[in-house]
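# Remarks on the overall topology
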Amino acid sequence: MNIASAEFVKGVTGDDYMISDGYPQIAFLGRSNVGKSSVINSLLGRKSLVRSSSTPGKTREANFYRINDKFYFVDFPGYGYAKMSKKDRDRIAKRILWYIQYSTVKPESVMLVIDMQVGITDLDEEMLRILHSHGHEVNIIANKVDKLKQQEITKQLKKIHAKAGGVNIFMYSAKTKKGKNQVLEEIFKRVGLLRQ
Ligand SMILES: Nc1nc2c(ncn2[C@@H]2O[C@H](COP(=O)(O)OP(=O)(O)OP(=O)(O)O)[C@@H](O)[C@H]2O)c(=O)[nH]1
Ligand SMILES: [Mg+2]
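Conventions adopted
Residues numbered from 1 in each chain as written. Chains lettered and ligands numbered in written order. Predicted model: local features only at pLDDT ≥ 70, side-chain atom pairs only at ≥ 80, totals over all residues. Heavy atoms only, no water. Pairing = 2+ DSSP bridges. Helix = DSSP H or I, 4+ residues; strand = E, 2+ residues; numbered from the N terminus. Axes fitted to C-alpha atoms, helices over the stretch in contact; angles between N-to-C directions. Contact = heavy atoms within 4.5 Å. Core = buried A, V, L, I, M, F, W, Y, C linked by side-chain atoms within 4.5 Å. Buried < 20%, exposed > 50% of the residue type's maximum accessible area, 1.4 Å probe, protein only. Phe/Tyr/Trp six-rings, centres within 6.5 Å; stacked < 30°, edge-to-face > 60°. Expected span 1.5 Å × (residues − 1). Arc of directions from axis to C-beta.

## Let's talk about the sheet that holds strand β4 (residues 71-75)
Taken in spatial order, the seven strands line up as β1-β3-β4-β2-β5-β6-β7 in an open sheet, and their pairing is mixed. Every other strand in the sheet has two partners, leaving β1 (6-12) and β7 (168-171) as the edge strands with one partner each. The average undirected angle you get between the axes of adjacent strands in this sheet is 25°. The pairing of strand β2 (residues 25-30) with strand β5 (residues 109-115) spans five bridges and is classified as parallel. Residue pairing for β5: Leu29 is matched across the bridge by Leu112. Its contacts with the sheet place helix α5 (residues 180-190) against β2, β4, β5, β6 (138-143) and β7, and it is angled at close to 140° to β7.

Right under this line is the structure:
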């Protein structure tokens, strides 16, 4: 479960140019600012391969990273950023929906990233519903666990479980790297590099 190499391959703005070259893909989806790009950086052990930012709406393209020359991470723009223009929000929603509904590529897993403090929002529930209706394999990464006290963790985890409908939940912190080994193990299994 070693990340030997990770390189940026392509940032995709249109629906037509998604990569579909047969290598497995792991897609990172979630609301704006939950830490998708930071989660990817922490998993890869790279500080800034993936552009992340304290300004929400940082990731504007679907960015493809080739890992170990064997599989891709796809970092999507976040959905639901209220301050973004409707036109931009629609464009992002369209791209995400196209990928999960119509693309010929089916990701080995969708990592749905949430902010553990916020939990599963209505938009996330809608996303989960769409993902399930298209038969996608989903894992939830409850990020930013470092911001919570133990008591809050127990409380939030209960709430998240209640809404997750049996989906696997990983508590995670891109900041402290808590949960990194467990998430990497799941990913390596999904892409066929570790026996299930
Ligand atoms: N405390 C804490 N902050 C985090 C963590 N992960 C990300 N952040 C912060 O959250 C903010 C957003 O991080 P990004 O990785 O850019 O989030 P994103 O989901 O990629 O955002 P968009 O691309 O805009 O959708 C940044 O200020 C990060 O430093 C974490 O585990 N703990
Ligand atoms: Mg991002």
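## So, the nonpolar core
Leu29, Phe76 and Ile140 are the most contacted members of the largest nonpolar core, which has 36 residues in total. Where this core is concerned, the elements lending two or more residues are β2, β3 (62-67), β4, α2 (86-101), β5, α3 (122-133), β6 and α4 (150-164). If sequence neighbours within four positions are ignored, Leu29 has contacts with Lys36, Phe76, Ile96, Ile100, Val110, Met111, Leu112, Val113, Met127 and Leu131.

## Some words on the packing of aromatic side chains
Enumeration according to the criterion identifies seven aromatic pairs in this entry. Between Phe71 and Phe188, the ring centres sit 5.7 Å apart and the planes meet at 80°, which makes this aromatic pair edge-to-face. Note that Phe71 is positioned in strand β4 and Phe188 in helix α5, a separation of 117 residues in sequence. Both residues of the pair, Phe71 and Phe188, count as buried.

## Details of the environment of Lys159
Structurally, Lys159 can be placed in helix α4. Judged by relative accessible area, Lys159 falls into the partly exposed class, the value being 48%.

## Quick notes on α3
Over its 12 residues, α3 runs 17 Å from end to end, which matches the ideal 16 Å to within 8%, given 1.5 Å per residue. What α3 keeps buried is the set Asp124, Met127, Leu128, Ile130 and Leu131. What you see down the axis of α3 is that its buried residues fit within an arc of 165°, all on one side. Looking at α3, the residues exposed on the side facing more than 90 degrees away from the buried face are Asp122 and Ser133. Packed against the buried residues of α3 are β2, α2, β5, β6 and α4.

## Some thoughts on unusual backbone geometry
Despite not being glycine, Asn68 shows a phi value in the positive range, around 50°. You can see Asn68 is positioned in the loop between β3 and β4. Here Asn68 falls in the buried class, since its relative accessible area comes to 15%. Although it is not a glycine, Lys144 adopts a positive phi angle of roughly 65°. Within the fold, Lys144 resides in the loop between β6 and α4.

## Thoughts on the pairing of β3
Counting buried residues in β3 gives five out of six residues, a clear majority hidden from the surface. Bridge count between β1 and β3: six bridges; the pairing is antiparallel. If you follow Ala6 over to β3, its bridge partner there is Ile67. As defined by bridge partners, β3 adjoins β4 across five bridges and the pair is classed as antiparallel. From the neighbouring strand, Tyr65 faces β4, where its bridge partner is Phe73. Connecting β3 to the antiparallel partner β4 that follows it, the hairpin turn spans three residues, and Asn68 within it adopts a positive phi of roughly 50°.

## Focus: the side chain of Gln25
With respect to the element layout, Gln25 can be found in strand β2. When its relative accessible area of 1% is taken as the criterion, Gln25 is described as buried. Here Gln25 is in contact with Ile19, Phe64, Tyr72, Val74, Tyr99, Val105, Pro107, Glu108 and Ser109, once residues within four sequence places are set aside.

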